[in-house]
Structures are given as structure tokens and as C-alpha cells.
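Structural overview
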Amino acid sequence: MHKMNIPFLDLKATYLELKPEIDAAIKRVLDSGWYILGEEVNAFEQEYAAYCEAKHCVGLANGLDALHLALSALGVGSGDEVIVPSNTYIATWLAVSHCGATPIPVEPDPATYNLDPMRIEAAITPRTKVILPVHLYGQPADMTPILAIARKHGLKVLEDGAQGHGARYKGKRLGAHGDVVTWSFYPGKNLGAFGDGGAITTNDEEIAERIRVLRNYGSRVKYVNEVRGFNSRLDPMQAAVLRVKLTVLDTWNARRAEIASRYQKGLANIGLTLPFVPEWSEPAWHLYVVQHPQRDALQKKLGEIGIGTLIHYPIPPHLQRAYAAAGYAKGQFPIAEQMANQLLSIPMGPHLEPEDVEKVISTFCKIEQ
């Protein structure tokens, strides 16, 4: 089989498609002489809030800061517990730890890979303060039962939307189902900056205002510091780039959905477990993730042929050295561990050519014969 060159994701293409608009936006910021917060960030915040069907957006330095500051604004501190998925990028857990609180892992639904609402109540204790579902791989978590459990127990809900830009749950865009939603604009995201960036969206004015103060050294007025804040501000240059990309996000997400649809048909019945999409879900298709019992061997073969793949994520948080002190044992969260051993993310992005999609499908079919 001849060597291909199909990247997992082509980031440069996202710039080239929008080059004149992005160059003009960057020049606008350079010409403005205003390089921290300011009008460019304000404009993006308004536009992104409207896009997310939320009342407020606060731009932040990155997705981890968004999680950390959102938890802080919800009053999470030392001694508190936050329910998190056992299978997520470690940032979800780190934000909890940075507040002095304890992440309490709950296993996902094996079909959707998202936090299983049926398992949440068993993990709630008097110390629980927040439930933190992740919209993993761009697939919305099942928010209705999660919100019902939270209301029943007097808990807050913080959604990690880092992979879910533009996804819909029961027809409503992700952005304000829970108390607050956090976003990452890491370059590889569906809405990605040219560096780090993050934000929160919420319908709660009080939470939004708390986070605005926290992101800016705990200050509303320069040199007047109300609380012990942080320096976590979305850069105007990144805001300008994001404003351009936001205008094409739905178009790019539609391209992703077309690729996912082609994969769903072309990769059926060849020994792979394909993504399951509930009828209430409109995923953003940040990633297209398949499951295979011999994942590592499969990835090696694909790499040799020239098809780029990644593993999201090879080590679950409870088995990371960062959480060794928590004393989790191997086998304690078997669903998360199976996913870490068997999941493979295959090429996906708005600039993946249709012929390359077909090459990926035909290669899988040949390997799996």
C-alpha cells in the first residue's frame, strides 16, 4: 500500500481560507494601540454570547483558567468536592485541585463517552458543591437529568464546553444549560485562536461579574483590588482572530458533520465501535473517535500508511502521576481505562478533503478484512 499523507488536522488551512479577513483583523488590533482587553475583546464577548444563546461571555487566557475561575466564582474551595468524569482531559480535574477541592470521578456512559447521569447520585456527599459534565469530543452530555439531580441536591452545574463549540442539546446551543459553561480556544478546537484563549458563558450576571473581577487581579478599578484575583485575560489579537472564525464556525461544523456522516456509513460493520449519537444530540464533531480492541496495532499500521491519528486520552486522570497521592488503583474505573486502551481519534476537520475521507475509509476496510 503506497504511503499517503493525510494529517490528523490541518491547522494552516484554517488560516489560508480566511487569510485576508484574519490579516485585516490583526492589523486593526496593531493599529489600535490597545493590546489588553478593550473593544476587540468586548466585541468578541458580545458576539460569542449571542452565538451561544447566553446573556454573558467573559474572555479569559485559556480553558484551564476558565474552569478554575468558574469554580472559584461558584464558591468552590478547600474541603469541597466536585463531581467530574473519570475519562476527560486532565484540565477538568486540575481546575478542581487548583481551588483546593477534590475531584470525585464518575464513570461515563459507555455508549456516549459522557458523564453517566445514572451514576452521579451515588457519588454525592455533604461536601459536593458542583457537578462538572464535559461535552467530550463535541458530543453534548445529557444535561436534563444532570440538571434535575443538581436541583434536587442544591448543587451548581459547570459545563466544560472546550470541545463543543456550536453543538446543540435538544435544539438549544451549548452555552447556558447549566450555571456556567467554560470554553477553550486552543488552536485545534472547532473555534480556535492562534495561541491560547478561553472564555465562560452564562445567563447569571453575578457569576459573569465575579469572573470579570477575578480575571483582572481582583480589580474593577485600576489599583483597587477587591479580592485575590488572577491575571487571565483574553488577548485582543486572539479575540480579533476568533471574531473572524466565528463567522464561519457553523459552515466549518457542517463540513465536520458531513465527514462524520461519511465515516458512520463507510466504517460500519468492520469491527470498529463507532460514535453513538442520541436523537437529542447535534454534535460539533470536534473529534471522530472509534474504538478497537487492538487499538495500538491499528494506529501503528495507519501511521505506516501515512494516516494521522491521535489518542484522546491515553492515560485517565486517576492513573496520572499528578494524582498518585489520591491512591486510585488500576481497575478502579474500568470504563475509563478501557476507553484509554481502545479509543482512537481519526482525521477530522473542516479542511479534510472528500477524497482523503474516502482514502481513510478504504484503508480501514483493507486493514480490517
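Given the structure is predicted, the values throughout are model-derived calculations rather than measurements. (Residues numbered from 1 in each chain as written. Predicted model: local features only at pLDDT ≥ 70, side-chain atom pairs only at ≥ 80, totals over all residues. Heavy atoms only, no water.)

**Considerations on the overall build of the chain**
- Within the chain one finds 12 helices and 14 strands.
- A compact globule built from 369 residues would reach a C-alpha radius of gyration of about 21 Å, and the chain, at 21 Å, matches this within 12%.
- For the chain, the C-alpha atoms occupy an extent of roughly 65 × 55 × 35 Å along the three principal directions.
- Long-range contacts, defined as pairs at least 24 residues apart, comprise 69% of the intrachain contacts of the chain with a sequence gap of at least 6. (Helix = DSSP H or I, 4+ residues; strand = E, 2+ residues; numbered from the N terminus. Rg over C-alpha atoms; globule rule 2.2 N^0.38 Å. Contact = heavy atoms within 4.5 Å.)

**Thoughts on the pairing of strand β3 (residues 102-106)**
- Counting buried positions along β3 gives 4 out of 5 residues, so the element sits mostly inside the fold.
- Bridge count between strand β2 (residues 81-85) and β3: 5 bridges; the pairing is parallel. Residue pairing across strands places Glu81 opposite Thr102, the latter belonging to β3.
- Between the parallel pair β2 and β3, the chain is carried across by helix α5 (residues 91-98), and the sense of this crossover is right-handed. (Buried < 20%, exposed > 50% of the residue type's maximum accessible area, 1.4 Å probe, protein only. Pairing = 2+ DSSP bridges. Right-handed = clockwise from strand over helix to strand, strands pointing away.)

**Concerning the UniProt feature "active site" (unreviewed entry) in the chain**
- In the numbering adopted here, UniProt assigns the feature "active site" (unreviewed entry) to Lys189.
- Relative to the elements of secondary structure, Lys189 occurs in the loop between β8 (180-184) and β9 (198-202).
- Look past the residues within four positions of Lys189 in its chain and what remains in contact with it is Ala162, Gln163, His165, Ser184, Arg256 and His286. (UniProt positions renumbered as here; feature names shortened; annotations may be inferred.)

**Observations regarding the pattern of salt bridges**
- According to the stated counting rule, one finds 21 salt bridges in the structure shown.
- Between Arg173 and Asp250 there is a salt bridge; the shortest N-O distance is 3.1 Å. Residue Arg173 is found in strand β7 (residues 172-173), and its partner Asp250 is found in helix α9 (residues 249-266); the two are separated by 77 residues along the sequence.
- Since its relative accessible area comes to 8%, Arg173 is described here as buried.
- Taking relative accessible area as the criterion, Asp250 reaches 40% and is therefore assigned partly exposed. (Salt bridge = Lys/Arg side-chain N within 4 Å of Asp/Glu carboxyl O.)

**Some remarks on the sheet that holds β3**
- The sheet built from 7 strands is open, its strands ordered β1-β9-β8-β5-β4-β2-β3 with mixed pairing. Since the sheet does not close on itself, it has two edges, and those belong to β1 (56-60) and β3, each with one partner. Recorded for the sheet is a direction-independent mean angle of 25° between the axes of neighbouring strands.
- Bridge count between strand β4 (residues 128-131) and strand β5 (residues 156-160): 2 bridges; the pairing is parallel. Following the sheet pairing, Val130 is matched in β5 by Lys156. (Axes fitted to C-alpha atoms, helices over the stretch in contact; angles between N-to-C directions.)

**Quick notes on the nonpolar core**
- Within the largest apolar cluster, 42 residues are counted, with the highest numbers of intra-cluster contacts made by Phe44, Tyr48, Ile83, Ile120, Ile131, Phe185 and Leu191.
- Listing elements by their share of this core, those giving two or more residues are α3 (39-51), β3, α6 (143-153), β8 and α8 (236-246).
- Each of two domains, domain 1 (11-107 + 114-243) and domain 2 (249-368), supplies a minimum of three residues to this core.
- Setting aside its immediate chain neighbours within four residues, Ile83 contacts Ile104, Val106, Ile120, Ala123, Ile124, Thr128, Val130, Ile131 and Leu132. (Core = buried A, V, L, I, M, F, W, Y, C linked by side-chain atoms within 4.5 Å. Domains from an automatic or database assignment.)

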